[in-house]
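One-letter residues, chain by chain:
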Amino acid sequence: MRVSSSAAVAASSEVAGADGVRRPGGEVHAWLPGQNQTVCGLPLSRTRLRRFPHVPFDYSSTDVLTEADPEGAVCPRCLAATQGRRREEKAWVRHAPRP
């Protein structure tokens, strides 16, 4: 199986959506399809996380979850791993090198 570069969702529970499609609920983690663990390193089988390959992991650290959301919490380690660096920095270059 090919490993995908875009993260999908693995969650501790599932909720039926309004259209009948299953949606993630409970604690939400990022998961790369084709791997047996989350981005933060939790094994899917031992933690009994359900896979949702049809749901992209598009959460950000500024998202606010309310009581109406089926997701209870988003893993902060998965957020940090999928967001990367916030600012673009140039590589360090020496301007006056010594001989």
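Here's what I pulled together on the structure shown here. Since the structure is predicted, the reported quantities are computational estimates derived from the model, not experimental observations. (Residues numbered from 1 in each chain as written. Predicted model: local features only at pLDDT ≥ 70, side-chain atom pairs only at ≥ 80, totals over all residues. Heavy atoms only, no water.)

Ranked by internal contacts, the top residues of the largest apolar core, which has 14 residues, are Val 9, Val 28, Phe 57, Tyr 59 and Cys 78. Broken down by secondary-structure element, the contributors of at least two residues to this core are strand 1 (8–16), strand 2 (22–31), strand 3 (50–56) and helix 2 (76–83). Ignoring any residue separated from it by four or fewer positions in sequence, one finds Phe 57 in contact with Ala 7, Ala 8, Val 9, Val 28, His 29, Ala 30, Val 74, Cys 78, Leu 79 and Thr 82. Core analysis: the second largest hydrophobic core is formed by 5 residues, Ala 8, Ala 10, Trp 31 and Leu 49 among them. (Core = buried A, V, L, I, M, F, W, Y, C linked by side-chain atoms within 4.5 Å. Buried < 20%, exposed > 50% of the residue type's maximum accessible area, 1.4 Å probe, protein only. Helix = DSSP H or I, 4+ residues; strand = E, 2+ residues; numbered from the N terminus. Contact = heavy atoms within 4.5 Å.)

Before going further, it helps to examine the sheet that holds strand 3. Here 4 strands make up an open sheet; going across it, the order is 3-1-2-4 and the pairing mixed. Where the open sheet ends on each side, the last strands, each with one partner, are strand 3 and strand 4 (71–74). Neighbouring strand axes in the sheet, compared pairwise and without regard to direction, differ in orientation by 35 degrees on average. Bridging between strand 2 and strand 4 involves 3 bridges; their strand directions are parallel. Following the sheet pairing, Glu 27 is matched in strand 4 by Ala 73. (Pairing = 2+ DSSP bridges. Axes fitted to C-alpha atoms, helices over the stretch in contact; angles between N-to-C directions.)

With that settled, the discussion passes to the packing of aromatic side chains. Scanning the model with the defined rule gives 1 aromatic pair in all. Measuring from centroid to centroid gives 5.2 Å for Phe 57 and Tyr 59, while their planes differ by 65 degrees, and the two rings are edge-to-face. Overall, the relative accessible area of 9% leaves Phe 57 in the buried class. Given the relative accessible area of 15%, Tyr 59 is considered buried. (Phe/Tyr/Trp six-rings, centres within 6.5 Å; stacked < 30°, edge-to-face > 60°.)

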